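# Structural overview
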Amino acid sequence: MFSALLITKDQTEQSVSVTELAEDALPAGNVGVAVEYSTLNYKDALAITGRSPIVRSFPMVPGIDLAGVVTDSSHSAWKPGDRVVLNGWGVGERHWGGLAQRARLDGDWLIPLPAELTTRQAMALGTAGYTASLCVEALLASGVRPDQGEVLVTGATGGVGSVAVALLARAGYTVAASTGTTAEAEYLQGLGATSVLDRAELSGPGKPLQKERWAGVVDSVGSHTLVNACAQTRYGGAVAACGLAQGMDLPATVAPFILRGVSLLGVDSVMAPLDRRRAAWDRLSRDLDPAAIEVIASEIPLSDAIATAGSLLDGAIRGRVVVDVN
Ligand code: NDP
(Lines give C-alpha, C1' and ligand atoms only; values in the text may rest on other atoms or scores of the structure.)
Protein backbone atom coordinates (compact mmCIF):
# COMPACT_ATOMS: atom_id res chain seq x y z
CA MET A 1 0.00 0.00 0.00
CA PHE A 2 1.10 3.60 -0.54
CA SER A 3 -0.26 7.08 0.16
CA ALA A 4 -1.50 9.28 -2.67
CA LEU A 5 -3.51 12.39 -3.20
CA LEU A 6 -6.55 11.21 -5.15
CA ILE A 7 -9.04 13.37 -7.03
CA THR A 8 -12.40 11.74 -7.72
CA LYS A 9 -15.47 13.16 -9.42
CA ASP A 10 -19.15 12.27 -9.32
CA GLN A 11 -21.79 13.72 -11.66
CA THR A 12 -21.48 17.23 -10.26
CA GLU A 13 -18.34 17.89 -8.29
CA GLN A 14 -14.84 16.69 -7.61
CA SER A 15 -13.39 15.78 -4.24
CA VAL A 16 -9.82 15.27 -3.16
CA SER A 17 -8.20 13.49 -0.23
CA VAL A 18 -5.06 11.66 0.85
CA THR A 19 -5.83 7.95 0.35
CA GLU A 20 -4.09 4.58 0.80
CA LEU A 21 -3.88 2.70 -2.51
CA ALA A 22 -2.63 -0.76 -3.52
CA GLU A 23 0.31 -0.99 -5.95
CA ASP A 24 -1.91 -2.77 -8.49
CA ALA A 25 -4.14 0.32 -8.66
CA LEU A 26 -1.33 2.16 -10.52
CA PRO A 27 -1.79 2.73 -14.26
CA ALA A 28 0.14 0.74 -16.87
CA GLY A 29 3.76 1.72 -17.52
CA ASN A 30 7.16 0.10 -18.06
CA VAL A 31 8.97 1.80 -15.16
CA GLY A 32 8.05 1.83 -11.47
CA VAL A 33 9.31 4.74 -9.36
CA ALA A 34 9.50 5.20 -5.59
CA VAL A 35 8.71 8.90 -5.39
CA GLU A 36 10.84 10.82 -2.90
CA TYR A 37 9.60 14.35 -3.54
CA SER A 38 6.99 16.07 -5.67
CA THR A 39 5.93 19.69 -5.84
CA LEU A 40 2.98 22.03 -6.18
CA ASN A 41 2.90 23.96 -9.45
CA TYR A 42 0.26 26.48 -10.50
CA LYS A 43 -1.24 23.76 -12.72
CA ASP A 44 -1.36 21.28 -9.83
CA ALA A 45 -3.16 23.86 -7.71
CA LEU A 46 -5.73 24.32 -10.51
CA ALA A 47 -6.18 20.53 -10.69
CA ILE A 48 -6.52 20.04 -6.93
CA THR A 49 -8.99 22.89 -6.44
CA GLY A 50 -10.87 22.07 -9.65
CA ARG A 51 -10.71 25.76 -10.66
CA SER A 52 -9.66 24.79 -14.19
CA PRO A 53 -10.31 21.56 -16.11
CA ILE A 54 -6.72 20.30 -15.89
CA VAL A 55 -7.64 16.70 -15.03
CA ARG A 56 -8.70 14.75 -18.11
CA SER A 57 -9.80 11.49 -16.47
CA PHE A 58 -10.90 10.45 -12.97
CA PRO A 59 -9.85 9.18 -10.53
CA MET A 60 -6.54 11.03 -10.87
CA VAL A 61 -3.40 11.40 -8.78
CA PRO A 62 -2.31 14.99 -9.51
CA GLY A 63 1.30 16.18 -9.65
CA ILE A 64 3.00 17.11 -12.94
CA ASP A 65 6.47 16.63 -11.41
CA LEU A 66 8.24 13.92 -9.46
CA ALA A 67 11.75 12.88 -8.50
CA GLY A 68 12.62 9.48 -7.14
CA VAL A 69 14.32 6.13 -7.63
CA VAL A 70 13.46 3.42 -10.16
CA THR A 71 12.13 0.28 -8.43
CA ASP A 72 11.57 -1.90 -11.51
CA SER A 73 11.87 -1.44 -15.24
CA SER A 74 11.29 -3.25 -18.51
CA HIS A 75 12.50 -0.14 -20.42
CA SER A 76 16.02 -0.43 -21.84
CA ALA A 77 17.15 2.98 -20.52
CA TRP A 78 16.37 2.38 -16.84
CA LYS A 79 17.28 -0.06 -14.09
CA PRO A 80 16.40 -0.30 -10.40
CA GLY A 81 18.25 2.30 -8.35
CA ASP A 82 18.43 4.95 -11.11
CA ARG A 83 17.58 8.45 -9.87
CA VAL A 84 15.07 10.07 -12.20
CA VAL A 85 13.07 13.23 -12.69
CA LEU A 86 9.82 13.67 -14.58
CA ASN A 87 8.10 16.87 -15.74
CA GLY A 88 4.90 17.06 -17.72
CA TRP A 89 3.98 14.71 -20.60
CA GLY A 90 0.38 14.88 -19.34
CA VAL A 91 1.32 13.23 -16.03
CA GLY A 92 -1.04 14.50 -13.32
CA GLU A 93 -3.53 15.36 -16.08
CA ARG A 94 -4.12 12.15 -18.08
CA HIS A 95 -1.77 9.72 -16.30
CA TRP A 96 -1.39 9.38 -12.51
CA GLY A 97 1.17 11.85 -11.25
CA GLY A 98 3.73 12.66 -8.59
CA LEU A 99 1.70 13.49 -5.48
CA ALA A 100 2.01 9.89 -4.27
CA GLN A 101 4.65 7.55 -2.85
CA ARG A 102 4.62 5.37 -5.98
CA ALA A 103 4.29 6.01 -9.72
CA ARG A 104 4.23 3.80 -12.81
CA LEU A 105 5.32 5.60 -15.96
CA ASP A 106 6.50 5.34 -19.54
CA GLY A 107 10.33 5.25 -19.43
CA ASP A 108 10.45 7.61 -22.44
CA TRP A 109 9.18 10.39 -20.16
CA LEU A 110 12.04 10.18 -17.66
CA ILE A 111 15.37 11.94 -17.62
CA PRO A 112 18.29 11.15 -15.33
CA LEU A 113 18.52 13.39 -12.30
CA PRO A 114 21.69 15.50 -12.73
CA ALA A 115 24.37 14.21 -10.34
CA GLU A 116 24.71 17.65 -8.71
CA LEU A 117 21.06 17.71 -7.54
CA THR A 118 19.22 15.85 -4.80
CA THR A 119 15.65 14.71 -5.47
CA ARG A 120 14.49 17.42 -3.07
CA GLN A 121 16.41 20.15 -4.93
CA ALA A 122 15.01 18.88 -8.24
CA MET A 123 11.50 19.33 -6.90
CA ALA A 124 12.34 22.69 -5.35
CA LEU A 125 12.86 23.65 -9.01
CA GLY A 126 10.24 21.40 -10.64
CA THR A 127 8.39 22.30 -13.82
CA ALA A 128 8.49 25.98 -12.88
CA GLY A 129 12.29 25.96 -12.62
CA TYR A 130 12.74 23.82 -15.69
CA THR A 131 10.41 26.17 -17.62
CA ALA A 132 12.40 29.18 -16.43
CA SER A 133 15.50 27.43 -17.75
CA LEU A 134 13.77 26.75 -21.11
CA CYS A 135 12.97 30.49 -21.28
CA VAL A 136 16.61 31.42 -20.64
CA GLU A 137 17.71 28.94 -23.33
CA ALA A 138 15.17 30.52 -25.72
CA LEU A 139 16.50 34.06 -25.08
CA LEU A 140 20.09 32.89 -25.58
CA ALA A 141 19.18 31.05 -28.79
CA SER A 142 17.58 34.22 -30.14
CA GLY A 143 20.79 36.17 -29.51
CA VAL A 144 19.97 38.15 -26.34
CA ARG A 145 23.30 38.76 -24.61
CA PRO A 146 24.12 40.34 -21.22
CA ASP A 147 25.89 43.34 -22.85
CA GLN A 148 22.71 44.36 -24.71
CA GLY A 149 20.99 45.83 -21.66
CA GLU A 150 18.54 45.00 -18.90
CA VAL A 151 16.26 41.97 -19.01
CA LEU A 152 12.82 41.88 -17.38
CA VAL A 153 11.22 39.01 -15.44
CA THR A 154 7.49 39.24 -14.71
CA GLY A 155 5.65 37.33 -11.98
CA ALA A 156 9.03 37.51 -10.30
CA THR A 157 8.18 36.10 -6.87
CA GLY A 158 6.42 33.09 -8.44
CA GLY A 159 8.09 29.77 -9.19
CA VAL A 160 9.03 30.49 -12.81
CA GLY A 161 9.92 34.09 -12.02
CA SER A 162 12.13 33.36 -9.00
CA VAL A 163 14.19 30.77 -10.87
CA ALA A 164 14.38 32.97 -13.98
CA VAL A 165 15.75 35.87 -11.90
CA ALA A 166 18.40 33.61 -10.35
CA LEU A 167 19.43 31.96 -13.64
CA LEU A 168 19.63 35.22 -15.60
CA ALA A 169 21.62 36.96 -12.86
CA ARG A 170 23.98 34.00 -12.73
CA ALA A 171 24.40 34.15 -16.53
CA GLY A 172 25.56 37.77 -16.20
CA TYR A 173 22.38 39.67 -17.13
CA THR A 174 21.18 42.80 -15.35
CA VAL A 175 17.75 41.72 -14.14
CA ALA A 176 14.69 43.88 -13.44
CA ALA A 177 12.02 41.98 -11.49
CA SER A 178 8.35 42.93 -11.83
CA THR A 179 6.17 41.94 -8.88
CA GLY A 180 2.87 42.71 -7.19
CA THR A 181 4.61 41.97 -3.91
CA THR A 182 7.11 44.83 -3.68
CA ALA A 183 7.59 43.94 0.01
CA GLU A 184 9.57 40.99 -1.39
CA ALA A 185 12.19 43.32 -2.95
CA GLU A 186 14.88 41.98 -0.61
CA TYR A 187 14.07 38.37 -1.60
CA LEU A 188 14.32 39.28 -5.30
CA GLN A 189 17.57 41.20 -4.81
CA GLY A 190 18.91 38.18 -2.92
CA LEU A 191 18.23 36.09 -6.02
CA GLY A 192 20.15 38.57 -8.15
CA ALA A 193 17.64 41.23 -9.30
CA THR A 194 19.22 44.66 -9.62
CA SER A 195 15.91 46.53 -9.68
CA VAL A 196 12.32 45.80 -8.66
CA LEU A 197 9.25 47.22 -10.44
CA ASP A 198 5.66 47.35 -9.23
CA ARG A 199 3.72 45.11 -11.62
CA ALA A 200 0.99 47.77 -11.77
CA GLU A 201 3.33 49.62 -14.18
CA LEU A 202 2.81 46.81 -16.69
CA SER A 203 -0.60 45.31 -15.98
CA GLY A 204 -2.93 47.85 -17.63
CA PRO A 205 -3.55 48.85 -21.25
CA GLY A 206 -0.58 50.74 -22.78
CA LYS A 207 0.62 52.28 -26.03
CA PRO A 208 1.61 49.92 -28.88
CA LEU A 209 5.20 51.18 -28.79
CA GLN A 210 6.75 52.46 -25.56
CA LYS A 211 10.20 53.57 -24.42
CA GLU A 212 12.70 50.83 -25.31
CA ARG A 213 13.86 49.31 -22.03
CA TRP A 214 14.48 45.56 -22.21
CA ALA A 215 16.95 43.51 -24.24
CA GLY A 216 14.91 40.44 -23.32
CA VAL A 217 11.96 39.37 -21.20
CA VAL A 218 10.84 36.22 -19.39
CA ASP A 219 7.08 36.54 -18.96
CA SER A 220 4.98 34.16 -16.85
CA VAL A 221 1.98 36.50 -16.68
CA GLY A 222 0.48 37.00 -20.17
CA SER A 223 -2.32 39.50 -20.92
CA HIS A 224 -1.55 43.27 -20.74
CA THR A 225 1.74 42.57 -18.95
CA LEU A 226 3.07 40.59 -21.90
CA VAL A 227 1.75 43.19 -24.33
CA ASN A 228 3.51 46.03 -22.46
CA ALA A 229 6.68 43.96 -22.13
CA CYS A 230 6.75 43.55 -25.92
CA ALA A 231 6.03 47.26 -26.41
CA GLN A 232 9.02 48.11 -24.14
CA THR A 233 11.46 45.63 -25.69
CA ARG A 234 14.41 47.15 -27.49
CA TYR A 235 15.03 46.87 -31.21
CA GLY A 236 15.82 43.24 -32.11
CA GLY A 237 15.11 41.96 -28.59
CA ALA A 238 13.15 38.87 -27.60
CA VAL A 239 10.35 37.99 -25.20
CA ALA A 240 9.95 34.42 -23.92
CA ALA A 241 6.29 33.84 -23.00
CA CYS A 242 5.40 30.83 -20.86
CA GLY A 243 2.54 31.75 -18.55
CA LEU A 244 -0.87 33.26 -18.00
CA ALA A 245 -1.00 34.27 -14.32
CA GLN A 246 -2.72 37.55 -15.28
CA GLY A 247 -4.71 36.09 -18.18
CA MET A 248 -4.70 34.11 -21.37
CA ASP A 249 -5.67 37.11 -23.50
CA LEU A 250 -3.13 39.04 -25.57
CA PRO A 251 -4.63 42.46 -26.42
CA ALA A 252 -1.63 43.47 -28.54
CA THR A 253 -0.71 45.16 -31.80
CA VAL A 254 1.95 43.88 -34.21
CA ALA A 255 3.92 47.15 -33.86
CA PRO A 256 6.82 45.78 -31.75
CA PHE A 257 7.26 42.84 -34.12
CA ILE A 258 7.13 44.70 -37.43
CA LEU A 259 8.70 48.02 -36.40
CA ARG A 260 11.33 46.87 -33.88
CA GLY A 261 11.96 43.30 -35.01
CA VAL A 262 11.02 42.01 -31.55
CA SER A 263 10.61 38.22 -31.34
CA LEU A 264 7.89 36.60 -29.27
CA LEU A 265 9.14 33.15 -28.24
CA GLY A 266 6.56 30.62 -27.07
CA VAL A 267 7.82 28.25 -24.40
CA ASP A 268 6.11 24.95 -23.59
CA SER A 269 7.42 22.53 -20.99
CA VAL A 270 4.84 19.74 -21.20
CA MET A 271 5.76 18.20 -24.57
CA ALA A 272 9.28 19.64 -24.91
CA PRO A 273 11.67 17.10 -26.50
CA LEU A 274 14.22 15.27 -24.37
CA ASP A 275 17.29 17.14 -25.68
CA ARG A 276 15.79 20.49 -24.60
CA ARG A 277 14.81 19.04 -21.22
CA ARG A 278 18.33 17.77 -20.62
CA ALA A 279 19.84 21.13 -21.61
CA ALA A 280 17.43 22.97 -19.31
CA TRP A 281 18.18 20.65 -16.37
CA ASP A 282 21.92 20.87 -17.06
CA ARG A 283 21.69 24.64 -16.78
CA LEU A 284 19.75 24.36 -13.51
CA SER A 285 22.26 21.94 -12.01
CA ARG A 286 25.27 23.93 -13.25
CA ASP A 287 24.23 27.53 -12.64
CA LEU A 288 22.07 27.54 -9.53
CA ASP A 289 23.67 27.97 -6.17
CA PRO A 290 22.20 25.37 -3.71
CA ALA A 291 21.67 28.28 -1.30
CA ALA A 292 19.47 30.05 -3.90
CA ILE A 293 17.42 26.87 -4.30
CA GLU A 294 16.86 26.82 -0.54
CA VAL A 295 15.78 30.48 -0.53
CA ILE A 296 13.21 29.75 -3.23
CA ALA A 297 11.83 26.56 -1.64
CA SER A 298 9.46 25.81 1.19
CA GLU A 299 8.44 22.26 2.13
CA ILE A 300 5.11 20.70 3.07
CA PRO A 301 3.91 17.15 3.77
CA LEU A 302 1.45 15.48 1.38
CA SER A 303 -1.35 16.11 3.91
CA ASP A 304 -0.94 19.91 3.47
CA ALA A 305 -1.09 19.88 -0.34
CA ILE A 306 -4.84 20.53 -0.56
CA ALA A 307 -4.80 23.62 1.68
CA THR A 308 -1.61 24.93 0.08
CA ALA A 309 -3.11 24.62 -3.43
CA GLY A 310 -5.75 27.22 -2.50
CA SER A 311 -3.11 29.58 -1.05
CA LEU A 312 -0.98 29.23 -4.19
CA LEU A 313 -3.85 30.29 -6.44
CA ASP A 314 -4.59 33.18 -4.08
CA GLY A 315 -1.03 34.43 -4.68
CA ALA A 316 -0.10 33.85 -1.03
CA ILE A 317 2.92 31.60 -1.74
CA ARG A 318 6.41 32.86 -2.55
CA GLY A 319 8.73 30.79 -4.71
CA ARG A 320 8.37 27.02 -4.87
CA VAL A 321 6.62 24.43 -2.73
CA VAL A 322 8.31 21.03 -2.33
CA VAL A 323 6.03 18.17 -1.25
CA ASP A 324 7.59 15.43 0.88
CA VAL A 325 5.30 12.54 -0.06
CA ASN A 326 6.85 10.22 2.54
P1 NDP B 1 3.18 30.98 -9.38
O2 NDP B 1 1.78 31.00 -8.88
O3 NDP B 1 4.26 30.45 -8.52
O4 NDP B 1 3.62 32.44 -9.84
C5 NDP B 1 2.84 33.28 -10.61
C6 NDP B 1 3.21 34.71 -10.25
O7 NDP B 1 2.55 35.59 -11.15
C8 NDP B 1 2.73 35.12 -8.87
O9 NDP B 1 3.63 34.75 -7.86
C10 NDP B 1 2.64 36.62 -9.03
O11 NDP B 1 3.95 37.14 -8.89
C12 NDP B 1 2.23 36.80 -10.49
N13 NDP B 1 0.78 37.03 -10.62
C14 NDP B 1 -0.22 36.30 -10.05
N15 NDP B 1 -1.42 36.81 -10.38
C16 NDP B 1 -1.17 37.88 -11.19
C17 NDP B 1 -2.00 38.83 -11.85
N18 NDP B 1 -3.33 38.79 -11.75
N19 NDP B 1 -1.40 39.78 -12.58
C20 NDP B 1 -0.06 39.85 -12.70
N21 NDP B 1 0.78 38.98 -12.08
C22 NDP B 1 0.23 38.01 -11.34
O23 NDP B 1 3.14 30.18 -10.77
P24 NDP B 1 4.37 29.59 -11.60
O25 NDP B 1 5.51 30.51 -11.52
O26 NDP B 1 4.55 28.17 -11.29
O27 NDP B 1 3.74 29.65 -13.07
C28 NDP B 1 3.58 30.93 -13.68
C29 NDP B 1 2.75 30.79 -14.94
O30 NDP B 1 3.47 30.00 -15.87
C31 NDP B 1 1.40 30.10 -14.74
O32 NDP B 1 0.46 30.73 -15.56
C33 NDP B 1 1.67 28.68 -15.21
O34 NDP B 1 0.49 28.06 -15.65
C35 NDP B 1 2.66 28.93 -16.33
N36 NDP B 1 3.52 27.80 -16.61
C37 NDP B 1 3.64 27.42 -17.91
C38 NDP B 1 4.46 26.41 -18.26
C39 NDP B 1 4.62 26.05 -19.69
O40 NDP B 1 4.96 24.92 -20.01
N41 NDP B 1 4.45 27.00 -20.60
C42 NDP B 1 5.16 25.60 -17.24
C43 NDP B 1 5.06 26.16 -15.90
C44 NDP B 1 4.23 27.21 -15.62
P45 NDP B 1 4.24 38.58 -8.23
O46 NDP B 1 3.47 38.60 -6.93
O47 NDP B 1 5.71 38.59 -8.05
O48 NDP B 1 3.73 39.60 -9.18
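Only a predicted model underlies this, so the values are computations on that prediction, with no experimental measurement involved.

## A look at the sheet that holds strand β11 (residues 214–219)
- Pairing in this open sheet of six strands is parallel, and the strands run β10-β9-β8-β11-β12-β13 from one edge to the other. In this open sheet, the two edge strands, each paired with only one partner strand, are β10 (193–198) and β13 (263–266). Sheet twist, expressed as the average angle between the axes of neighbouring strands with direction ignored, equals 20°.
- Two elements, strand β12 (residues 233–241) and β13, share four bridges in a ladder whose sense is parallel. Note that in β13 the partner of A238 across the bridge is S263.
- Against the sheet, helix α2 (residues 119–141) touches β11, β12 and β13, its axis set at about 150° to β12.
- Along the sheet, helix α5 (residues 223–231) makes contact with β8 (151–153), β11, β12 and β13, crossing β12 at roughly 155°.

## Description of the nonpolar core
- Membership of the largest hydrophobic core comes to 52 residues, with the highest contact counts inside it found for L168 and W281.
- There are two domains that each give this core at least three residues, and those are domain 1 (2–113 + 290–324) and domain 2 (125–266).
- Filtering out sequence-adjacent residues up to four positions away, L168 remains in contact with V136, L139, V151, V153, Y173, V175 and V218.

## Here's the deal with the domain arrangement of the chain
- Per the domain assignment, the segments of the chain are domain 1 (2–113 + 290–324) and domain 2 (125–266).
- If you average the C-alpha positions of domain 1 and of domain 2, the two centres end up 28 Å apart.
- Taken residue by residue, the interface counts 14 residues in domain 1 and 15 residues in domain 2.
- Overall, the association of domain 1 and domain 2 removes approximately 1100 Å² of surface from exposure, summing both partners, and the carbon and sulfur fraction of that is 66%.
- The three residues of domain 1 that bury the most area against domain 2 are I296, R318 and R320, which together make up 44% of that side's buried surface.
- For the pair domain 1 and domain 2, the interface holds one salt bridge.
- The partner of E184 in a salt bridge is R318, and the shortest N-O contact between them spans 3.0 Å.
- The tally of links from domain 1 across to domain 2 stands at five residue pairs in polar contact (both at pLDDT 80 or more).
- The element best represented in the side of domain 1 that touches domain 2 is helix α8 (residues 290–296), accounting for four residues.

## Observations regarding the site of the ligand
- As a structural note, the neighbourhood of the ligand is formed by 25 residues, with V160, T179, G180, T181 and S269 the closest of them.
- Contacts to the ligand include G158, whose backbone N or O atom sits 3.4 Å from an oxygen atom.
- At 2.8 Å, a backbone N or O of V160 approaches an oxygen atom of the ligand.
- Look at the ligand: alone it shows 910 Å² of surface, and the protein chains cover 83% of it.

## Details of the packing of α2 against helix α3 (residues 159–170)
- For the pair α2 and α3, the least separation of the axes is 8 Å and the interaxial angle reads 45°. When the axes of α2 and α3 are compared, the pair comes out oblique. The two elements α2 and α3 meet at a crossing, and its hand is right-handed. Contacts between α2 and α3 involve L125, A128, G129, A132, S133, V136 and L139 from the former and G159, V160, V163, A164, L167 and L168 from the latter.
- Split by residue class, the contact of α2 with α3 holds ten nonpolar, three polar and no charged.

## Focus on the pattern of salt bridges
- Applying the stated criterion across every chain yields a total of 14 salt bridges.
- A salt bridge links R51 to D314; its shortest N-O distance comes to 3.6 Å. Remark: D314 occurs in the loop between α9 (305–313) and β15 (320–324) and R51 occurs in the loop between α1 (42–49) and β4 (65–73); sequence separation between them is 263 residues.
- With relative accessibility at 56%, the residue D314 sits in the exposed group.
- Note that E294 and R120 form a salt bridge whose closest N and O atoms lie 2.8 Å from each other. Here R120 lies in helix α2 and E294 lies in helix α8, a separation of 174 residues in the sequence.
- Exposure remark for R120: the relative accessible area of 18% places this residue in the buried category.
- Connected through shared salt-bridge partners, E137, R283, R286 and D287 make up one network.

## So, unusual backbone geometry
- Cis peptide bonds are those with omega within 30 degrees of zero, and the linkage from F58 to P59 qualifies with -10°.
- Position of P59 relative to the elements: it lies in the loop between α1 and β4.
- Phi is positive for S223, close to 50°, though the residue is something other than glycine.
- Topologically, S223 is positioned in helix α5.

## Considering α3
- Given a rise of 1.5 Å per residue, twelve residues ought to cover 16 Å, and the 17 Å separating the end C-alpha atoms of α3 matches this to within 8%.
- In terms of burial, α3 is largely enclosed, as ten of its twelve residues are buried.
- Turning to α3, its buried residues are G159, V160, G161, S162, V163, A164, V165, A166, L167 and L168.
- Positive backbone phi, at 100°, marks G172, one or two positions downstream of α3.

Rules used in this analysis
Residues numbered from 1 in each chain as written. Predicted model: local features only at pLDDT ≥ 70, side-chain atom pairs only at ≥ 80, totals over all residues. Heavy atoms only, no water. Pairing = 2+ DSSP bridges. Helix = DSSP H or I, 4+ residues; strand = E, 2+ residues; numbered from the N terminus. Axes fitted to C-alpha atoms, helices over the stretch in contact; angles between N-to-C directions. Contact = heavy atoms within 4.5 Å. Core = buried A, V, L, I, M, F, W, Y, C linked by side-chain atoms within 4.5 Å. Buried < 20%, exposed > 50% of the residue type's maximum accessible area, 1.4 Å probe, protein only. Domains from an automatic or database assignment. Buried area = accessible area lost by both parts, 1.4 Å probe. Salt bridge = Lys/Arg side-chain N within 4 Å of Asp/Glu carboxyl O. Polar contact = N/O pair within 3.5 Å; in protein donor to acceptor, adjacent residues only side chain to side chain. Near = heavy atom within 4 Å. Areas by Shrake-Rupley, 256 points an atom, 1.4 Å probe, with all protein chains shown as cover. Parallel < 35°, antiparallel > 145°, perpendicular 65-115°, else oblique. Left-handed = near helix turned anticlockwise from the far one by under 90°. Nonpolar A, V, L, I, M, F, W, Y, C, P; charged D, E, K, R; others polar. Expected span 1.5 Å × (residues − 1).

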